[in-house]
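Next come the chains, spelled out residue by residue.
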Amino acid sequence: MANLVETATNAGKFKTLIKAVQTAELTDILTTADVYTVFAPTDEAFAKLPEGTLESLLQDIHKLKMILTYHVAFGDVRSDDLAQIEEVPTVEGSIIAVESQSGKVKLNDANVIEEDILADNGVIHVIDSVLMPAIIAGH
């Protein structure tokens with residue numbers, strides 16, 4: 001198996017996320033032996049951001065790092081785990097609300113559209129929106 005970055009790259013639908021991770025210099029974290037869960041927005045999810053948002057974030061590395069690390073949880077959190085919990089702490093420091101109903105999982109306002117893509121150092125869950133930590137969403 002490949003690490004989280006290689007796995008996301010191989011999936012082909014996370015080009016924007018990979019570019020953002022590289023820009024924010026977070027590649028090292030996601031390629032270590034430490035185990036993480038990544039809530040990965042698709043390229044379409046990034047395209048739904050208001051016009052100019054992504055370009056602005058790619059220039060503001062501090063804010064970009066905050067947003068990206070808000071998409072990463074410590075440890076291996078599989079779909080079975082998501083169905084049992086109401087929140088998940090993130091590497092960024094705040095929490096994501098988890099709502100599970102009728103086999104569908106929502107993280108804040110994002111829908112999980114694909115679960116349990118396994119990598120050597122964790123798992124990826126595909127989401128249809130970019131998550132914003134409250135500290136940024138409030139600005």
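Residues numbered from 1 in each chain as written. Predicted model: local features only at pLDDT ≥ 70, side-chain atom pairs only at ≥ 80, totals over all residues. Heavy atoms only, no water.

1. Quick word on the side chain of N121
On the secondary structure map, N121 appears in the loop between β6 (110–119) and β7 (122–127). At 2.8 Å, the side chain of N121 forms a polar contact with the backbone oxygen of L30. Those residues within four positions of N121 in sequence are excluded, and the remaining contacts are N3, L4, L30, T31, T32, A33, D34, V35 and Y36. (Helix = DSSP H or I, 4+ residues; strand = E, 2+ residues; numbered from the N terminus. Polar contact = N/O pair within 3.5 Å; in protein donor to acceptor, adjacent residues only side chain to side chain. Contact = heavy atoms within 4.5 Å.)

2. Quick word on the packing of helix α2 (residues 15–23) against helix α6 (residues 61–69)
With their axes 9 Å apart at the nearest point, α2 and α6 run at an angle of 125 degrees to one another. Taken together, the axis directions place α2 and α6 in an arrangement best described as oblique. Crossing angle aside, the handedness with which α2 passes α6 is left-handed. Between α2 and α6, the contacting residues are L17, A20, V21 and T23 on the first element and I61, L64 and L68 on the second. (Axes fitted to C-alpha atoms, helices over the stretch in contact; angles between N-to-C directions. Parallel < 35°, antiparallel > 145°, perpendicular 65-115°, else oblique. Left-handed = near helix turned anticlockwise from the far one by under 90°.)

3. Observations concerning the packing of aromatic side chains
In total, this model carries one aromatic pair according to the counting rule given. With 5.9 Å between their ring centres and 40 degrees between their planes, Y36 and F74 make a pair best called tilted. Here F74 lies in strand β2 (residues 72–74) and Y36 lies in strand β1 (residues 36–41), a separation of 38 residues in the sequence. (Phe/Tyr/Trp six-rings, centres within 6.5 Å; stacked < 30°, edge-to-face > 60°.)

4. Quick look at the pairing of strand β5 (residues 104–107)
Of the two faces of β5, only the one carrying V105 and L107 is buried; K104 and K106 on the other face are not. Pairing geometry for strand β4 (residues 95–101) and β5, over four bridges, is antiparallel. Bridge assignment links S100 to a residue of β5, and that residue is V105. In textbook terms, the turn of a hairpin is the stretch between consecutive antiparallel strands, and for β4 and β5 this stretch comprises two residues, one of which, S102, has a positive phi near 50 degrees. Across two bridges, β5 lies against β6 in antiparallel orientation. Bridged to L107 within β6 is A110. From the end of β5 to the start of β6, which pair antiparallel, there are two residues, and N108 there has a positive phi angle of about 55 degrees. (Buried < 20%, exposed > 50% of the residue type's maximum accessible area, 1.4 Å probe, protein only. Pairing = 2+ DSSP bridges.)

5. Some thoughts on the sheet that holds β1
Within a sheet, adjacent strands bond to each other through the backbone by hydrogen bonds, running parallel or antiparallel. Sheet architecture is open: seven strands sit in the order β2-β1-β7-β6-β5-β4-β3, paired in mixed fashion. A strand with exactly one partner marks an edge of an open sheet, and here the two such strands are β2 and β3 (87–89). The mean angle between the axes of side-by-side strands here comes to 30 degrees, regardless of whether they run parallel or antiparallel.

6. A closer look at the pairing of β7
For β7, the buried fraction is high: six of the six residues fall into the buried class. Burial along β7 is two-sided: G122, I124 and V126 facing one way and V123, H125 and I127 facing the other are all buried. Pairing geometry for β1 and β7, over six bridges, is parallel. Bridge pairing links V38 to I124 in β7. As judged from the five bridges shared by β6 and β7, these two strands associate in the antiparallel manner.

7. What to know about the pattern of salt bridges
Within this structure, the stated rule accounts for two salt bridges. Close ionic contact of K13 with E114 constitutes a salt bridge, the shortest N to O distance being 2.6 Å. Linking K13 in the loop between α1 (4–11) and α2 with E114 in strand β6, this pair joins segments that are 101 residues apart in sequence. The partner of R78 in a salt bridge is D76, with the nearest N and O atoms 2.7 Å apart. (Salt bridge = Lys/Arg side-chain N within 4 Å of Asp/Glu carboxyl O.)

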